[in-house]
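Now for the letters of each chain:
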Amino acid sequence: MPHDKEQQQGSHDKGPQQGHEPQGQVAAQVSQAVEETLSSLNPVATSSMQVVPVEAPSNAGDPHSASPSSSGIHGADGGECDESSSSEEDESTPYTIEDLLDKKVSFLMNLMLLHYQRKEPLSKEDMMKFVIREHELLYSAIFKKACLRLEVIFGLEVKEVEATNRCFGIFNKQGFTYDGMQCGEVGIPKTGLLIFLLGVIFMKGHRATEEHIWEAMKEMEICCCKKHFIFGNPKQLFTDEFVKEGYLKYQKGPDSHPEKYELLWGPRAYAETTKMKVLEFMAKVRGTDPTDFPSLYEEAQLEEQERALSQASGHAGYGSASTEC
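Chains are numbered independently. Their residues run from 1 in the order of the written sequence. The predicted origin of the model limits local features to residues at a pLDDT of at least 70 and limits the giving and counting of side-chain atom pairs to 80 or more, whereas totals for whole chains, interfaces and linings rest on all residues. With hydrogens and water set aside, each side-chain value is computed from the structure's full complement of heavy atoms.

Draft legend 1. The overall build of the protein chain, seen in detail. A helix here means a DSSP run of H or I that spans at least four residues, while a strand means a run of E at least two residues long, and both kinds are numbered starting from the N terminus. A tally of helices and strands in the protein chain yields 12 helices and 6 strands. Throughout, a residue-residue contact means that at least one pair of heavy atoms, one from each residue, lies within 4.5 Å. The contacts in the protein chain between residues at least 6 apart in sequence include a share of 68% that link residues at least 24 apart.

Next up, the structure:
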């Protein structure tokens with residue numbers, strides 16, 4: 001398929017670590033809440049889908065980790081990467097401005113994730129008080145980078161909901177009605193991983209074998225036979241949970257000898273997102289532009305035009321799912 005030629009390998013580097021706690025009793029409570037919410041895990045280390053070379057430096061939370069010039073971030077199998085080495089570093093090591101910026105970005109993203117889990121808006125005042133503090137001139141850069149990481153890692157987007165008090169809401173991206181978090185349970189949203197998976201399938205010509213999927217996940221150090229320290233059992237997530245929710249189809253491949261299984265977009269994926277949105281997400285993840293995938297971009301544009309015509313004619317449904325075979 002021509003799509004395979006366009007599936008570029010994204011670069012990946014060491015994942016960032018969570019920033020140090022701000023001083024003060026109230027700030028310490030916020031930091032403790034972040035840690036408890038994440039079940040003592042480091043959410044930024046799951047940034048395996050973020051490989052943006054310039055816009056999102058890789059060592060967001062740990063000023064002693066990989067160089068800020070690294071090309072991206074990636075996650076870990078079993079949560080064993082980098083934590084022991086970073087904890088042993090001498091905290092007296094001087095920070096560069098890039099280190100300081102990344103540390104603040106890491107903590108702000110964690111704070112945003114906490115507010116998403118609590119379904120609470122986040123004010124600029126709280127961001128300044130708990131994260132930015134005396135570095136007010138860096139606010140715009142920190143905020144922009146944190147929003148980008150939140151998007152490509154967890155599939156969440158930040159929108160201003162109250163202009164007067166500068167309050168921001170954190171929402172599931174691209175119209176998805178499911179984030180992978182169980183009702184009433186504190187967890188990590190999986191929308192970013194789902195969109196990435198849909199992108200791999202799209203780039204493979206609308207159907208991807210398990211071999212294709214796990215090869216792509218290898219870039220992110222997600223292995224089919226190992227429990228991921230953030231996303232849990234990936235094979236169960238892809239072939240069971242996402243299938244039950246209607247986002248994926250898991251079926252035997254046609255005329256496959258020996259027998260192979262493949263993944264396709266499910267009806268809920270077609271209903272809640274578009275090829276163009278998924279392609280834009282993949283381009284952002286890889287620090288490129290959707291037009292860098294010409295045949296995919298052309299196909300996505302055609303779908304956009306067909307959707308527009310369908311809506312103009314008053315049709316409730318859209319039959320793009322027929323293109324999956």
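Moving on from the model shown.
Draft legend 2. Representation of the nonpolar core within the structure. Here the nonpolar core consists of buried residues drawn from Ala, Val, Leu, Ile, Met, Phe, Trp, Tyr and Cys, with membership extended through side-chain atoms lying within 4.5 Å. Relative accessible area decides the class of each residue, using a 1.4 Å probe on protein chains only: under 20% of the type maximum gives buried, over 50% gives exposed, and in between gives partly exposed. Within the largest apolar cluster, 72 residues are counted, with the highest numbers of intra-cluster contacts made by L108, M112, I213, M217 and F238. A total of 11 residues in this core trace back to one element, the largest contributor, which is helix α4 (residues 97-118). A domain split of this core shows at least three residues from each of domain 1 (97-172) and domain 2 (190-311). Leaving out residues up to four positions away in the same chain, F238 has contacts with L193, L197, I213, W214, M217, V243, L248 and L263. Start and end positions for the domains come from either an automated domain assignment or a database one.

Draft legend 3. Layout of the pattern of salt bridges. By definition, a salt bridge exists where a carboxyl oxygen of Asp or Glu is found within 4 Å of a side-chain nitrogen of Lys or Arg. Scanning all chains against the criterion turns up 14 salt bridges. Put simply, E151 and K284 hold a salt bridge, and the shortest N to O gap is 3.1 Å. Here E151 is found in helix α6 (residues 139-154), whereas its partner K284 is found in helix α11 (residues 275-285), with 133 residues between them in sequence. Overall, the relative accessible area of 33% leaves K284 in the partly exposed class. E157 is the salt-bridge partner of K159, the closest N and O atoms lying 3.7 Å from each other. Several salt bridges converge on common partners, so that one network encompasses E151, E157, K159, K173 and K284.

Draft legend 4. Main features of the packing of aromatic side chains. Stacked, edge-to-face and tilted labels apply to pairs of Phe, Tyr and Trp rings (six-membered ring for Trp) whose centres lie within 6.5 Å, assigned for plane angles under 30 degrees, over 60, and everything in between, in that order. For the coordinates displayed, the defined rule picks out 8 aromatic pairs. Considering the side-chain rings of F238 and F242, the 6.1 Å spacing of their centres and the 20° angle between planes classify their relative orientation as stacked. Here F238 and its partner F242 are both found in helix α9 (residues 234-244), 4 residues apart, which amounts to about one turn of the helix. Per residue, the accessibility class of F238 equals that of F242, and both read buried. Centroid distance Y250 to Y261: 5.1 Å. Interplanar angle 20°. Geometry classified as stacked. On the criterion of sequence distance, the pair formed by Y250 in strand β5 (residues 248-252) and Y261 in strand β6 (residues 261-265) is long-range, its members being 11 residues apart. Of the residues examined, Y250 reaches a relative accessible area of 27% and is grouped as partly exposed. Taken together, Y139, F143 and F168 form an aromatic cluster joined through their ring pairs. The lysine or arginine in question, K124, covers the ring of Y139, its NZ or CZ lying 4.5 Å from the ring centre. Whether a charge sits over a ring comes down to the Lys NZ or Arg CZ being within 6 Å of the ring centre and within 35 degrees of the ring normal.

Draft legend 5. Layout of helix α7 (residues 191-203). The span one expects for a helix is its residue count, reduced by one, times 1.5 Å. The terminal C-alpha atoms of α7 lie 18 Å apart, and with 13 residues this matches the ideal 18 Å at 1.5 Å per residue to within 8%. Of all 13 residues making up α7, 13 are buried, and the element is well covered by its neighbours. Following α7 by one or two positions, G205 has its phi on the positive side, about 85°.

Draft legend 6. Seen up close, the packing of helix α5 (residues 124-132) against α6. For helices, the fitted line uses only the C-alpha atoms of the stretch in contact; every axis is such a line through C-alpha atoms, and the angle between N-to-C directions lies from 0 to 180 degrees. Close contact between α5 and α6 brings their axes to 12 Å; oriented N to C, the two are set at 100°. If you check the angle between α5 and α6, you find them roughly perpendicular. Each of K124, M127, M128 and I132 in α5 lies in contact with α6, whose residues at this interface are Y139, I142 and F143. Residues were grouped as follows: Ala, Val, Leu, Ile, Met, Phe, Trp, Tyr, Cys and Pro as nonpolar; Asp, Glu, Lys and Arg as charged; and all remaining residues, including Gly, as polar. Here the contact of α5 with α6 is composed, by residue class, of 6 nonpolar, no polar and 1 charged. For classification, angles of less than 35 degrees are called roughly parallel, those exceeding 145 degrees roughly antiparallel, those between 65 and 115 degrees roughly perpendicular, and all remaining angles oblique.

Draft legend 7. Examining the environment of V161 more closely. With respect to the secondary-structure elements, V161 resides in strand β2 (residues 156-162). When residues no more than four places from it in sequence are discounted, the contact partners of V161 are P121, C167, F168, G169 and F171.

Draft legend 8. Region of the structure containing the packing of α7 against α9. Put simply, α7 and α9 touch, their axes get as near as 12 Å, and they point 100° apart. Regarding the angle of α7 to α9, the classification is roughly perpendicular. Contact residues: α7 offers L193, L194 and L197, while α9 offers L237, F238 and F242.

Draft legend 9. Geometry of the sheet that holds β5. Paired strands are those between which DSSP finds at least two bridges. One open sheet holds the 3 strands; their spatial order is β4-β6-β5, and the pairing between them is antiparallel. Where the open sheet ends on each side, the last strands, each with one partner, are β4 (208-209) and β5. Of the strands in this sheet, β4, β5 and β6 are in contact with α7, which crosses β6 at around 105°.

Draft legend 10. Structural view of the sheet that holds β2. Reading across from one edge, β1-β3-β2 is the order of the 3 strands in this open sheet, with antiparallel pairing throughout. Single-partner strands in this sheet number two, and they are β1 (122-123) and β2. As judged from the 6 bridges shared by β2 and strand β3 (residues 167-172), these two strands associate in the antiparallel manner. Bridge pairing links E162 to C167 in β3. Of the strands in this sheet, β2 and β3 touch α6, which is tilted by about 130° from β2.

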